[in-house]
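What follows is each chain in one-letter form.
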Amino acid sequence: MKKIIALIFVVGLVVGVSLLPTNFNFSSFNIKKATAVADLEVAKQSGEDFIINGNDAIISLNPDYIDDFYKKYDVKALIFVFDKDEFDELAKEMKLQKIFNVVVEEMNVSYFYTPLFEKCFIADGRKINAEMVEIGEEVVIGFPNIMTGY
């Protein structure tokens, strides 16, 4: 009997985990500006306009095309600008968990983790895959970080 209960528990756990969302549709938000950072080869393959930045390319994207671009090309980072009042909704939808804050040149910079974005880095022994800074009435957020500066 204990084996059957254990088996049902394990199967339920596997099914439950498999039903959790594992990605996110960025185009569901009113993004004012979208940028991707990728290596030069990816930028050339994409056919999008880009600026060379060392060994990387900063690619300006149409916000409606973000999800398709991200699925098709290997990017190092996605950076978005949108109105501050939309951040709370984005944080809720992306299940952002705040890791820590720092103040840089009088700007509040926050670092988060979300299970809905696969790329991450480790800081202070914790996974981080989103960086956010408020600039006036706008929010700049980068996944896994803001590689273009703020």
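Bear in mind the structure is a predicted one, so any value in this text is a computation, not a measurement.

A.B. asks: Would you mind showing me how to read the overall build of the protein here?
C.D. replies: Each helix and strand counted, the protein has four helices and ten strands in total. Reading the helices (α) and strands (β) of the protein from amino to carboxyl end gives α-β-α-β-β-α-β-α-β-β-β-β-β-β. Relative to its 150 residues, the protein shows a buried fraction of 38%. If you take every contact in the protein between residues at least 6 apart in sequence, the share linking residues at least 24 apart comes to 53%. Carbon and sulfur atoms make up 54% of the accessible area of the protein, which amounts to about 9,300 Å² in all.

A.B. asks: Hey, could you run me through the nonpolar core in this one?
C.D. replies: Soluble globular proteins tend to bury their nonpolar side chains together. If you look at the biggest cluster of nonpolar residues, it comprises 32 residues, and the most contacted ones within it are Phe 26, Leu 78, Phe 80, Phe 87, Leu 96, Ile 141 and Phe 143. When residues of this core are traced back to their parent elements, those giving at least two are strand 1 (33-39), helix 2 (40-46), strand 3 (56-61), helix 3 (66-72), strand 4 (77-83), helix 4 (87-93), strand 9 (130-135) and strand 10 (138-143). With residues up to four places along the chain from it excluded, the contact list for Phe 87 reads Phe 82, Leu 96, Phe 112, Met 132, Val 139 and Ile 141. Among the nonpolar cores identified, the runner-up in size contains 13 residues, and Val 37, Ile 79, Val 109 and Ile 128 belong to it.

A.B. asks: How do you make sense of unusual backbone geometry when you look at a structure like this?
C.D. replies: A negative phi angle characterises most non-glycine residues, just as the trans form characterises most peptide bonds. Put simply, Phe 143 and Pro 144 share a cis peptide bond, and its omega is 0°. Assignment of secondary structure puts Pro 144 in the segment after strand 10. Positive phi values are uncommon outside glycine, yet Lys 95 reaches one of about 55°. With relative accessibility at 43%, the residue Lys 95 sits in the partly exposed group. In this structure, Asp 124 is a non-glycine residue whose phi angle is positive, near 55°. The topology assignment puts Asp 124 in the loop between strand 7 (121-123) and strand 8 (126-128).

Conventions we followed
Residues numbered from 1 in each chain as written. Predicted model: local features only at pLDDT ≥ 70, side-chain atom pairs only at ≥ 80, totals over all residues. Heavy atoms only, no water. Helix = DSSP H or I, 4+ residues; strand = E, 2+ residues; numbered from the N terminus. Buried < 20%, exposed > 50% of the residue type's maximum accessible area, 1.4 Å probe, protein only. Contact = heavy atoms within 4.5 Å. Areas by Shrake-Rupley, 256 points an atom, 1.4 Å probe, with all protein chains shown as cover. Core = buried A, V, L, I, M, F, W, Y, C linked by side-chain atoms within 4.5 Å.

Geometry only, nothing functional implied.
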